[in-house]
Amino acid sequence: MKTLLKRSALLFALSISVLVNFSLRASADSTASIILSTKCQGGYNINIWRNYTSGELLYRATSPNGNLSLAGGTKQATEGVKVYKFRNRNYEYWVWDGTLDNPQSGTLEVYKNNRILLHQACTKS
């Protein structure tokens, strides 16, 4: 009887754990839709999201230098190419959605105090 009770408690705890894990992921992902996903040279993976409710642009990046999340970006069209811009103190992050020659490519540019620090070629994923 004791073994049956332990197994039942373990099964109950495991099912609650799985249910909570999946529901948290779904609710976190359901607040925004991805509008651009790129893989860039140097191991940079950039995702641009748009919040469903507010329309706010969100920047999510993973790289060998760490991860970065920013909100409050802007979108501009320059010569027919979209560029997403995000600011974090003295840094600006520009993600170009395609080029005039190749709409499946793009560029990641990082500026500090209006000076370019990083320029990486990207491809849409």
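Structure's up top.
Since this is a predicted model, take the numbers as computed values, not measurements.

*Asks:* Go over the overall build of the protein with me, naming the residues and quoting the values.
*Replies:* Within the protein one finds one helix and eight strands. Each helix and strand of the protein, ordered N terminal to C terminal, gives the series α-β-β-β-β-β-β-β-β. The proportion of buried residues among the 125 residues of the protein is 29%. Here the analysis covers contacts within the protein between residues at least 6 apart in sequence; of these, 22% occur between residues at least 24 apart. When the accessible surface of the protein is split by element, carbon and sulfur atoms take 56% of a total near 8,600 Å².

*Asks:* With reference to specific residues and values, describe the layout of surface pockets.
*Replies:* Space left empty within the atom packing is revealed by a probe, the size of a water molecule, rolled over the atoms. Counted as a void, the largest pocket has a volume near 200 Å³. If you go around the largest pocket, you meet 13 residues; those closest to its centre are Tyr 44, Ser 63, Asn 65, Leu 68 and Tyr 93. Contributing elements (two or more residues each) for the lining of the largest pocket: β2 (44-51), β3 (57-63), β4 (66-78) and β7 (105-112). For the lining of the largest pocket, the per-class residue count stands at nine nonpolar, four polar and no charged.

*Asks:* Talk me through the nonpolar core; I want residue IDs and the actual numbers.
*Replies:* One finds Ile 46, Ile 48, Tyr 59, Phe 86, Val 95 and Leu 108 to be the most contacted residues of the largest nonpolar core, which totals 17 residues. Elements with a minimum of two residues in this core: β1 (32-40), β2, β3, β5 (81-88), β6 (91-97), β7 and β8 (115-124). Once residues within four sequence positions are removed from consideration, Tyr 59 is found in contact with Ile 46, Asn 47, Ile 48, Leu 68, Ser 69, Leu 70, Phe 86, Tyr 93, Val 95 and Leu 108. Counting five residues, the second-largest nonpolar core is a separate cluster that includes Val 81, Val 83, Trp 94 and Trp 96.

*Asks:* An account of the sheet that holds β3 is needed here, citing residue identities and associated values.
*Replies:* Strands belonging to one sheet form pairs held by backbone hydrogen bonds; the direction of such a pair is parallel or antiparallel. Strand order in the closed barrel formed by eight strands is β1-β2-β3-β4-β5-β6-β7-β8, with antiparallel pairing between adjacent strands. Averaged over neighbouring strand pairs, the angle between their axes works out to 30° when direction is ignored. Note: β7 against β8, eight bridges, orientation antiparallel. Within β8, the position partnered with Leu 108 by the bridge is Gln 120.

*Asks:* Give a detailed account of the packing of aromatic side chains, specifying residues and quantitative values.
*Replies:* Taken as a whole, this structure holds four aromatic pairs when the rule is applied. Ring geometry for Trp 94 versus Trp 96: centroids 6.2 Å apart, planes at 55°, classification tilted. Neither residue differs from the other here; Trp 94 and Trp 96 are each classed as buried. Directly above the ring of Trp 94 sits Lys 85, whose terminal nitrogen or CZ lies 3.9 Å from the centroid.

Criteria and thresholds
- Residues numbered from 1 in each chain as written.
- Predicted model: local features only at pLDDT ≥ 70, side-chain atom pairs only at ≥ 80, totals over all residues.
- Heavy atoms only, no water.
- Helix = DSSP H or I, 4+ residues; strand = E, 2+ residues; numbered from the N terminus.
- Buried < 20%, exposed > 50% of the residue type's maximum accessible area, 1.4 Å probe, protein only.
- Contact = heavy atoms within 4.5 Å.
- Areas by Shrake-Rupley, 256 points an atom, 1.4 Å probe, with all protein chains shown as cover.
- 1 Å grid on protein atoms, 1.4 Å probe; cavity = no way out; pocket = protein on both sides within 12 Å on 5 of 7 lines; lining within 4 Å.
- Points joined across faces, edges and corners; volume = space filled by probe spheres on them.
- Nonpolar A, V, L, I, M, F, W, Y, C, P; charged D, E, K, R; others polar.
- Core = buried A, V, L, I, M, F, W, Y, C linked by side-chain atoms within 4.5 Å.
- Pairing = 2+ DSSP bridges.
- Axes fitted to C-alpha atoms, helices over the stretch in contact; angles between N-to-C directions.
- Phe/Tyr/Trp six-rings, centres within 6.5 Å; stacked < 30°, edge-to-face > 60°.
- Lys NZ or Arg CZ within 6 Å of the ring centre and 35° of its normal.

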